[in-house]
Amino acid sequence: MPSFDVVCEADMVEVKNAVEQSNKEIGTRFDFKGSSAKVEQKEREITVFGDSDFQLGQVRDVLLGKMTKRKVDVRFLDEGKIEKIGGDKVKQVLKVRNGIETEDAKKITKIIKESKMKVQASIQGETVRVTGKDRDTLQEAIALLRKDVKDLPLEFNNFRD
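The rules behind each value
Residues numbered from 1 in each chain as written. Predicted model: local features only at pLDDT ≥ 70, side-chain atom pairs only at ≥ 80, totals over all residues. Heavy atoms only, no water. Pairing = 2+ DSSP bridges. Helix = DSSP H or I, 4+ residues; strand = E, 2+ residues; numbered from the N terminus. Axes fitted to C-alpha atoms, helices over the stretch in contact; angles between N-to-C directions. Contact = heavy atoms within 4.5 Å. Parallel < 35°, antiparallel > 145°, perpendicular 65-115°, else oblique. Left-handed = near helix turned anticlockwise from the far one by under 90°. Nonpolar A, V, L, I, M, F, W, Y, C, P; charged D, E, K, R; others polar.

(A) Region of interest: the sheet that holds strand β5 (residues 89-96). Across the sheet, which stays open at both edges, the four strands sit in the order β2-β3-β5-β4 with antiparallel pairing between neighbours. The open sheet has two edge strands, β2 (38-42) and β4 (77-86), and neither has a second partner. Averaged over all pairs of adjacent strands, the angle between their axes in this sheet comes to 20°, without regard to strand direction. Here six bridges tie strand β3 (residues 45-50) to β5, and the two strands are oriented antiparallel to one another. Looking across to β5, one finds that Ile 46 is bridged to Leu 94. Packed onto the sheet, helix α1 (residues 12-28) meets β2, β3 and β5 and runs at close to 155° relative to β2. With respect to the sheet, helix α2 (residues 53-69) is in contact with β2, β3, β4 and β5, its orientation differing from that of β3 by roughly 140°.

Set out below in structure tokens:
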């Protein structure tokens with residue numbers, strides 16, 4: 001039976017490259033000279049540092065620009081709140097989303113069931129597996145999900161015939 005998986009996972013190699021490129025640009029830009037502005041990454045957490053809220057926004061914009069150029073969807077990032085670290089310095093933690101949370105998976109299966117298509121969707125951990133009778137209905141399901149789910153950066157892989 002033909003099937004595919006709906007997943008939500010970022011390419012961590014490209015995320016790491018975007019962080020490194022951001023740090024390189026921050027080091028060479030004139031408006032960041034002498035400041036503590038930088039970007040750090042630990043596993044699936046990116047921490048953005050700056051001397052003020054405005055500068056933190058500038059550093060975050062550099063990072064998001066680099067991620068976009070490396071074709072990493074910025075919807076993977078969950079932004080935390082801005083914290084003061086002492087003096088005027090501030091930081092913000094951005095978590096890189098991995099996997100589809102259960103409420104989002106339920107929303108995806110509900111969209112597929114309400115469409116009355118001849119496919120079945122089942123939640124399997126952090127992925128949603130969609131099975132159907134033929135390839136055409138599965139491609140229609142992919143088109144439906146691309147159209148209806150705008151808040152998640154979905155990918156479709158493991159397509160089996």
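(B) Up close: the packing of α1 against α2. Viewed as axis vectors pointing N to C, α1 and α2 meet at an angle of 135°, and their least axial separation amounts to 8 Å. It follows from the interaxial angle that α1 and α2 lie oblique. α2 is crossed by α1, and the crossing has right-handed handedness. In contact with Val 15, Ala 18, Val 19, Gln 21, Ser 22, Glu 25 and Ile 26 of α1, α2 contributes Val 59, Val 62, Leu 63, Lys 66 and Met 67. Grouping the amino acids of the contact of α1 with α2 by side-chain chemistry returns eight nonpolar, two polar and two charged.

(C) A look at the environment of Lys 24. For Lys 24, the location among the structural elements is in helix α1. In this structure, the C-alpha to C-alpha distance between Lys 24 and Ile 111, residues 87 residues apart in sequence, is 43 Å.

(D) How the structure looks around the sheet that holds strand β7 (residues 127-132). Here we have four strands laid out as an open sheet, ordered β6-β7-β1-β8, and antiparallel in their pairing. Only two strands of the sheet have a single partner each, and these edge strands are β6 (119-124) and β8 (155-160). Within this sheet the neighbouring strands show an average axis-to-axis angle of 25°, counted without direction. Examined bridge by bridge, strand β1 (residues 3-7) and β7 share four bridges and lie antiparallel to one another. Paired with Asp 5 across the bridge in β7 is Arg 129. Its contacts with the sheet place helix α3 (residues 102-114) against β1, β6 and β7, and it is angled at close to 170° to β6. Each of β1, β6, β7 and β8 is contacted by helix α4 (residues 135-148), which is oriented at about 170° to β8, the strand it contacts most.

Everything listed here is a matter of coordinates, which is why it stays silent on function.
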